[in-house]
Structure formats: C-alpha cells, structure tokens
Amino acid sequence: MQPKTASIASHSATAVGVLAIGLLLSAAASYRAANEVARDAKANFELAVAAAEDGIERRIQANTDVLHGVRGLFSASESVSRVAFRRYVTSLSLEQRYPGIQVVTFSRRVPFERRRDYEAEVRRDTTLDPKGYPNFAIRPAGDRPEYFVAEYLEPMAGNEEASGLDIGGDPVRLASVEQARDSGLATATGPLMIERGGAGHIGFVIRLPVYRNGMPQQTVEQRRAALLGMISTSHRMDYMMRKALSEQALRQFRIRIHDAGAFNGNLPSEPPTARNLLFDNGQLLDSGSAQPGPLPAIAGGASLAKTLALDVGGRRWHMYISARQELGNLSDRWLPFGVLFGGISISLLLFGLIRSLATVSSRATTLAASITEDLRRSEASLAKAQRQTQELIEALPNPIFFKRTDGRYLGVNRAWETFFGVPRNAFIGKTAHDLYPDNPEIAERLQAKDLELWEHPGTQTYETSITTPDGQHHDVVYYKATFTHTDGSVAGLIGTIVDISDRKQAEAARTQLAAIVEHSNDAIFSRTLDGTILSWNAGAEKMLGYTAAEAVGKLATFTLPPGRQPNMARNNEKVLRGEMIAPHESNRMTKDGRVIDVLTSHSPIKDGAGNIVGASVILQDITALKQAQAAAQASEERFRATFDQAAVGIVHTSYEGNYLLVNQKFCDMLGYREYELVGRAAADFTHPDDRATGRQKRQLMWDGKLDGFAEEKRYLRKDGSVIWTNRTVSLARDASGKPQYFIRVIEDITQRKEAEERYRATFENAPVGIMHTAIDGYRILRANRKLCEMLGYTREELLGMTSTDVVHPDYRFSDRVSYRQPILDGARQAFASERKFVRKDGSSFWVNRTVSVVRNAAGEPLYFIRIVEDIDERKQAEAALRDSEVRYRSVIAAI
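Structural notes, computed from the coordinates.

1. Brief notes about the overall build of the protein
At step 1: Counting secondary structure elements, the protein contains 26 helices and 30 strands.
At step 2: Within the protein, counting contacts between residues at least 6 apart in sequence, those at least 24 apart form 53% of the total.
At step 3: Element-wise, carbon and sulfur atoms account for 54% of the exposed surface of the protein, whose accessible area totals about 47600 Å².

Shown next as structure tokens:
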C-alpha cells in the first residue's frame, strides 16, 4: 500500500504545485494588465488635459486678437467715427467667430477741464441716431482729474446702460486701466459679474490702450501723455468655455478655473476660493463650495488630477482639472480582473483534473473498505467545486465558452450571451457556422484556429476581427486552452474573448497622427530638455532644407539666425511646469542661408511614468503671410494717402444714398468735418433742384445694366453758398460681383461755371453778330442774339443752316481758299473781309466778317468763330461820297 500512497501524494503535490504556479502566474498577469490599463488611462488623461489647455489658450488668444484689430483701426486713421467703429465690429461677427465676447467698447480719455464740452459733443452726435444722445452724461458723477468714458459700444443693443460709464471711477477698474496704459499691453481684470438678460454671469474684461498717432511711446511717461483711450472686450466665461472645450471634456472632467491675481513675480498667488472662481463646470458656485471633491483613482491609488497655470493679460489663472469617471473603455478596466479570473479558472480546472487523476487510484484501492462513504464525499466535493467554478465563470465580465472537439459549444457564460446577443439555451450544441450565418469566412477562420489547437493541445492566443449578430465590428483577442479526459485525451477547449476595439482605434489614431505629423507642411520635431533633436519630420526638411540625418542629434538652436539668443532655459521652465508655449513669432535660418518668419510653439513630452523629458516644437512658415500683410498694409497706406490727399473729393455712399466714407478734400469743399458728413444722406447737402439727378442711373448700375456715368451737380456748403461740381459715379463690387457701395469722384467746377456764365453773357450781349461753325463744314453750331437780329432768323432756324446760306451768292466762294486751310494749319491767326449777307426777307447788307479758330489744350481745332459787323450804312455813305465826288469832278470839268 505504501507505493500507492506515495503515488497519490506525488499526484496531489503536483496538483497543488500546478495550482500555486497558476495562481501566481494569474496574479502576475493581472498585475501587469492593471499597470497597462493605468498607464493608458493616465496617458489619455494627459492628452485630454493638453487638449483642454490648448483649446482655452487658443480661444483667449483669438479673443485678444480682436482688441489688436480694433486698435489697428484707430492706428490707421486720425479719427475713428462711431459709424466706422460699428461697421468694423459688426464685420467681426462676434457671436459666431469669437464666442464669449459680449461687447467691444472704446472708452475715451477725457481730462476734467473738457468734461462739459465732451458731454455736449456726444449729445449732438447724430451719425447713427438722428436724435443724438440727449441724456448722455459721465457716470458716476464727481470731480476726477480724468475720465475714461465708454463712448462707442458694439453691439449697442442690450448694452445701452454702459454708455457714459467712467471705468476710472471704480478703484478696481482703474487699476487695470493704469496697468494697461503704462505697459501698452493687453491687461485682464479679475472675476466680474456681467449682467445679461436680467441675470448675472461670471466673466472678465481685457483692456488694450490706444495711443495718439505720431506721439512717442517708448517710456511710461510718453505712453501716459499719448493715451487716447481704452479698447475693452467683456467676456462671459461659460460661453467662452463651451467653445474652448469639447462636450466630451465637459462631461468627462471636473474643471475649475480660479483667478490667482496679478502675475508680476512678487505677490503670492491667491488660493482658490468661491470669490475668485471664474468657471466651474460642476456648478460649485451654486453649492457654495470652491474646494475640490474626491477624485476617481487609478491603479496604485493615484488620482487623475492636475493643476495648470495660464497667463491671461498679466494675470495668473489656475485651472484644476480632474477626471469625473474612469478613463478608457469598460473592457480595458475589467481586463485585469478577466485575466485574473481566467487564470484562476484554468488553474482550478487543471488542479481538478490532476487531482482527479490522483484520486482515481485512491478510490480504487479503498473501494472495498468504504466505497459508499467515499463516493458520497467525493460526489459532494466535486459538485461543490463545479458550482464554485460555474459561479466564478458566470461572474467574469469577459465572454467565456466551452467547446467539444467536434467544434460544438458545450456552454457559455452570461458575458458571452450579452456580447453576442444570443441566449445560451438557443445555441449550446451548435457550431461557429451557426453563430455567423451571414459571415461564413469568420466561422472558417475560427474553426481553422480550433483545428490547430486540437493538433497541438495546450494554449492558444491570437487577434482577429469578428462581427456580432447586431452588425457591430469588433477587434478581439482569443485566449484558449484545451482540457482532457481522465485518460489524457483532449476533451475540448475553454476560451475567453477580450474586446480590444477601443485600443485598436486608439492605436490607429496614433498611427494616423504620426502620419499627419510626418506629412504636415509645418516643421515638427522633438527635442530633449537640453535641446538635442530626437525626431525631424518631412515638413521640417522641406522648410529648413536639412534632412533628418543632418538634424537629429544636433541642438535645436542650430537653425537660429546669427546673433539671435536662444530662449531654451525660459522655454524649459514653462515646459517643466507642463505648460504649452502658445504660438509666437520668431525667425529661423534655412540651409541655403535664407531667414524666414515662423510661428513657434512648444508642448511638453512625457515618458510612461508621466515625467516631462522634452518638448515637441512646431514651426509654421509665415514668411509669405508676413510679406502679404506688409504688401496689404502698404497698399492700404497708399490707398489712404491717395484717398485723403486727392485733389478732388472722393466719397463712398450706400445704396440708400448715405455717406459711408469721405475724404478731406470733400470736407473742405463743403466746409464740414468728417463726423458731420458720415452717416448722413447725400441729399441733405445737395441743391434742391439737383436731388433727383442720377437716381435712375444709379439704380441701373446697381442692377448691372450701366457701368457708370458723369454729370454736373450743385452742392450746398455749410455757409449756405452753392458750388458746382462735375461728379463721376462708379460702383464697387465684391469678389462674387455683388454690389457693395457707390464711389463718387467730385471735382469743384464753380470757377469754370462762373467763367462760362461770363462768357455766355458776353456772347449773348455782344454788339456784333457772332457765330460758331463746324470744322468739317460750315454748319452753324451757335449764334448770338445780335446775329439773329441782323439776319432776321430765329436761333433755331440758324442752327439748321450753314454759314454759306446767309452769304450773298456773289460772295459765297470768293475767298474761302485764302483763309480756311492757313488758319487750320496755324499759318494765319485770323482773316477779315467785307462781303454781302442776305437777310431772311431777301434783302442784302454789307458786313465786315472776321474768321478765327478755337483749339483745345492739345492744339487741335474745335470750331471756327465768325464775328459779323454790320457796315451797310458805312458802305452806303462811302458810295454816296463817291457819287458826290464824281458829280463834283463832272461839274469842274464842265467849267
């Protein structure tokens, strides 16, 4: 009996050893899986935090750019009108492009001694409202050395009560005004309550100073002297954060932002309290608490939480971000438990099998002595073990299945039923082909793997893709192991399925991201904290000219232009704090020696343990953009100089006929200032008799049926006098051809019109007859009143005749050759001759006719002038004198 007892003990020891090793291996595998899941969760958290930080910084930068754009409007003009301010702010489309900005305000600096005059000027301002602003007054009342008065507000609707508010009347606001004035930089306030729609909302204000053009601004004293006013943007935090952060981030994370005070390196940061809370997506203000709540833990008890520092307009914001829930998908979180329970299950099965082998011999040798009692005890123990194993398998979150060697399912657990959506009672005894009736290729692939395991019993692990009956595609890992009969032959297999679809998608996303980085047109490279380049993408090679082999291993500063000091230490300070360095302008030198303008940004790089080990750097080539901006600015300056300094009046008018833009020459012509004209109707300054002039033609232009036209028009000056102008009208259209506004070029022709009037009076009232005749013939173009009286014709009758028609037939062609061509050629200035003219009644009379030519500025002949003097009485007197002399001579001869 001893050898049998030793054999039983040996088999039992082997079973226990196998169980112990299986349990240890299961625990080790579970621990490793837990660590992998924890690392993935932490990496996902870090990526989400970086995306949130980047989104907030980009949104704040975009909103701050609005201030610089408005300041550029003031820099481009000596005086920005209320109309121009509204037109510019309206064009920004704040609600769509810059969410969170509630109002853009220009607050004018007003010295105490100008307060009364300033209030009166604003009250009289009718450029937008014909009634002006009769109730405008600086608020709060009181005597102060200077005021910063909210004068322009856009949008005005809903913000009317802010008009006239002196932001310097409050010590808190005055502090931000003075800081912005002295620094010349955008300056933010602390948390403010912004009233909107009858309710209060947490927000803040950013201010940017506007200085007078042409005044020095190098020192604080010079900036104070040059200050014109303040541009302010009011921001509502909840609106801004909805656009800066994704909906997923707002649901998945607890995010609080507190204002820690002015950031000048001297004052300590304020701790987070309800008083300095700017934003809380958990509605902590309502609960009256500003302290962080408990956070979900990951492996090892560590919490997914982080504190970031954001610099906004000279103030430091602290952003506290923590995970509201576990990161990663459910299968990843249950993976360690699945590995553990699966390992335990397999160990228990192996233990049971080996133990069974050991007990077979024992039961055989003791069957005669106590067969009944042992059998009962063995059956009870086996039933209990089977129940425990079954309960354990049912509790596992991963799908588990059992198969016979013919491929038919022996059993499945609840997780398998849930995963495939098929109840076990309807499926046990069927094969994989029954599970995938519409996808036989999947069934063939799984069956082939089963056959491999039958041929080589043991364990099997592989990845594959399957489609569940609900049509969902899954990437999965199969873990299988064979189990045997008591005789050692393979009885079947047990397997579990781990869904890795989310992980595969994340891997695909990372692969796609790597491809995007490699093929980006931007230069993207990574470096260590000491500046050594680790990677170098194709965009960097294309932009800077260095290959990856030439760049990797060098210091990142090797592309800086000579004399440019690197900011490595300062950049590392921010990177080590986990901050992302927002895009800023810089310069780089290419391999061929060119210096290009770039936007540079840095982001921290972390290792698997979360330690910051380097930075990724992105360079965006903006050389062409800078050149285009410079060209556009130069073009704008040339246009502005041409517009403002033109020798003629130039105005832009709307379809309705209101002045949109006027130049200085036009203001001088009418005697008004720019703000008195912009926004007013052109008809208000037009002579009443000319107000309908050109109206029909302008409509034809707007409809695309007429390109332009020119006409003479009278305007009324401010002093009541009338000026004559020659007006040329054209139409400005956008790139799509849509009409935008009319362009009118206006030339003062008052002196010319007065000269024409003097000439017309001289022409009409001359004591001699005057006619103008055509160069290409003798057609009468014009005739004065005296000529009509001399010939007895009306003016209309003469304009249908030629000069030859009024000449006596005996004289019509007598001297034409002698004067016409020589005068046209310039050989003669004028020609005079005496001849007979014929009146309408047929009578004739003698005239002295003088012919000359009128030329244009180029010397080209325009028409002949013929001056006709009636000498009939003189000719008759001369004839009488000759007759008298003849008679006298006859008498003398007769004597």
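2. Section: the pairing of strand β21 (residues 649–653)
At step 1: Of all 5 residues that make up β21, 5 are buried, and the element is covered over most of its length.
At step 2: The two faces of β21 match: G649, V651 and T653 on one face and I650 and H652 on the other face are all buried.
At step 3: Two strands pair when backbone bridges link them, and β21 and strand β22 (residues 659–662) are joined in this way by 3 bridges, in the antiparallel orientation. Bridge pairing in β22 places H652 opposite L661.
At step 4: Between β21 and β22, which pair antiparallel in sequence order, lie 5 residues; one of them, G657, sits at a positive phi of approximately 95 degrees.

3. Re empty space enclosed by the protein
At step 1: Evaluation of the coordinates by the stated rule reveals 3 cavities of 30 Å³ or more.
At step 2: Roughly 60 Å³ of volume is contained in the second largest cavity.
At step 3: Forming the boundary of the second largest cavity are F401, K403, Y409, W416, F420, L435, Y436, L446, Y462, Y478, K480 and I497.
At step 4: Elements that contribute at least two residues to the lining of the second largest cavity include exactly β11 (400–404), α11 (414–420) and β14 (473–484).
At step 5: A breakdown of the residues in the lining of the second largest cavity according to their chemical character gives 10 nonpolar, no polar and 2 charged.

4. A closer look at the pattern of salt bridges
At step 1: All told, the structure shown has 47 salt bridges when counted by the stated rule.
At step 2: Linking D280 and R254 is a salt bridge whose minimum nitrogen-to-oxygen distance equals 3.4 Å. In this pair, D280 sits in strand β8 (residues 277–280) while R254 sits in strand β7 (residues 253–262), placing the two residues 26 residues apart along the sequence.
At step 3: By relative accessible area, which is 9% here, D280 ends up buried.
At step 4: A salt bridge links E712 to K753; the nearest nitrogen and oxygen atoms lie 2.9 Å apart. Here the residue E712 occupies a position in strand β23 (residues 709–716), and K753 occupies one in helix α22 (residues 750–765), the gap between them amounting to 41 residues.
At step 5: On the basis of relative accessible area, K753 is assigned to the buried category, the value being 13%.

5. Details of the sheet that holds strand β12 (residues 409–412)
At step 1: Pairing within the open sheet is antiparallel, and its 5 strands lie in the order β12-β11-β15-β14-β13. At either margin of the open sheet sits one strand with a lone partner, and together these are β12 and β13 (459–467). With strand direction ignored, the average angle separating the axes of adjacent strands in the sheet is 25 degrees.
At step 2: As judged from the 3 bridges shared by β11 and β12, these two strands associate in the antiparallel manner. By the bridge assignment for β12, K403 is matched with Y409.
At step 3: Sheet contacts for helix α13 (residues 440–455): β11, β13, β14 and β15 (490–499); angle to β13, the most-contacted strand, approximately 175 degrees.

6. Observations regarding the pairing of strand β10 (residues 315–323)
At step 1: Burial of β10 is extensive: 9 of the 9 residues sit out of reach of the surface.
At step 2: Of the two faces of β10, both are covered, the one formed by R315, W317, M319, I321 and A323 as well as the one formed by R316, H318, Y320 and S322.
At step 3: The pairing of β7 with β10 spans 8 bridges and is antiparallel. Bridging from a neighbouring strand, H258 pairs with H318 of β10.
At step 4: With 8 bridges connecting them, strand β9 (residues 305–312) and β10 associate as antiparallel partners. Its bridge partner being in β10, L308 is matched across the sheet by M319.
At step 5: Connecting the antiparallel pair β9 and β10 is a turn made up of 2 residues, with G313 showing a positive phi of about 55 degrees.

7. What to know about helix α7 (residues 237–244)
In an α-helix, one full turn covers 3.6 residues, which means residues spaced three or four apart are oriented alike.
At step 1: Among the residues of α7, those classed as buried are M237, M240, M241 and A244. Buried residues of α7, viewed axially, fall in a sector of 95 degrees; they line one side.

8. Some points on the environment of K42
At step 1: The topology assignment puts K42 in helix α1 (residues 2–75).
At step 2: As a C-alpha pair, K42 and A609 span 567 residues in sequence and 9.0 Å in three-dimensional space.
At step 3: Residues contacting K42, with those up to four places away along its chain left out, are L304 and A609.

9. With respect to the packing of aromatic side chains
At step 1: By the definition in use, this model includes 27 aromatic pairs.
At step 2: With centroids separated by 5.9 Å and ring planes inclined at 75 degrees, the aromatic side chains of Y118 and F136 adopt a geometry described as edge-to-face. Of this pair, Y118 sits in helix α4 (residues 115–123) while F136 sits in the loop between α4 and β2 (146–154), placing them 18 residues apart in sequence.
At step 3: Among the residues examined, Y118 registers a relative accessible area of 3% and is labelled buried.
At step 4: Its relative accessible area of 6% is what places F136 among the buried residues.
At step 5: Each residue in the set F401, Y409, W416, F419, F420, F427, Y436, Y462 and Y478 is aromatic and connected to the rest through ring pairs, giving one cluster.

10. So, the side chain of E711
At step 1: Of note, E711 is situated in strand β23.
At step 2: For E711, a relative accessible area of 12% translates into the label buried.

11. A look at helix α2 (residues 82–91)
At step 1: Residues of α2 that are buried: R82, V83, A84, F85 and V89.
At step 2: Backbone geometry just downstream of α2 places S93 in the positive-phi region, at approximately 50 degrees.

12. Here's the deal with the sheet that holds β21
At step 1: An order of β22-β21-β25-β24-β23 is seen for the 5 strands of this open sheet, with the pairing classed as antiparallel. If you trace the sheet from one side to the other, it starts and ends with β22 and β23, each paired once. On average, adjacent strands in this sheet sit at an angle of 30 degrees to one another, irrespective of strand direction.
At step 2: Alignment of strand β24 (residues 722–733) against strand β25 (residues 739–748), held across 9 bridges, turns out to be antiparallel. In the sheet register, N726 faces β25, and the bridge partner there is E747.

13. Let's talk about unusual backbone geometry
Most peptide bonds take the trans form, and the phi angle of most residues other than glycine is negative.
At step 1: Following R139, the chain continues into P140 via a peptide bond in cis, with omega recorded as -5 degrees.
At step 2: Relative to the helices and strands, P140 resides in the loop between α4 and β2.
At step 3: Cis geometry marks the peptide bond from E154 to P155; its omega dihedral reads 0 degrees.
At step 4: Positive phi values are uncommon outside glycine, yet S93 reaches one of about 50 degrees.

14. Observations concerning the nonpolar core
At step 1: Ranked by size, the top nonpolar core spans 49 residues in total, and within it I56, F74, F85, V104, M237, I257 and W317 carry the most contacts.
At step 2: Setting aside residues no more than four positions away along its own chain, W317 makes contact with I60, F204, M237, I257, H258, D259, L278, L308, A309, L310 and V312.
At step 3: The next biggest cluster of nonpolar side chains, apart from the first, holds 22 residues, and it includes F419, L435, Y436 and I497.

Definitions and limits used
- Residues numbered from 1 in each chain as written.
- Predicted model: local features only at pLDDT ≥ 70, side-chain atom pairs only at ≥ 80, totals over all residues.
- Heavy atoms only, no water.
- Helix = DSSP H or I, 4+ residues; strand = E, 2+ residues; numbered from the N terminus.
- Contact = heavy atoms within 4.5 Å.
- Areas by Shrake-Rupley, 256 points an atom, 1.4 Å probe, with all protein chains shown as cover.
- Buried < 20%, exposed > 50% of the residue type's maximum accessible area, 1.4 Å probe, protein only.
- Pairing = 2+ DSSP bridges.
- 1 Å grid on protein atoms, 1.4 Å probe; cavity = no way out; pocket = protein on both sides within 12 Å on 5 of 7 lines; lining within 4 Å.
- Points joined across faces, edges and corners; volume = space filled by probe spheres on them.
- Nonpolar A, V, L, I, M, F, W, Y, C, P; charged D, E, K, R; others polar.
- Salt bridge = Lys/Arg side-chain N within 4 Å of Asp/Glu carboxyl O.
- Axes fitted to C-alpha atoms, helices over the stretch in contact; angles between N-to-C directions.
- Arc of directions from axis to C-beta.
- Phe/Tyr/Trp six-rings, centres within 6.5 Å; stacked < 30°, edge-to-face > 60°.
- Core = buried A, V, L, I, M, F, W, Y, C linked by side-chain atoms within 4.5 Å.

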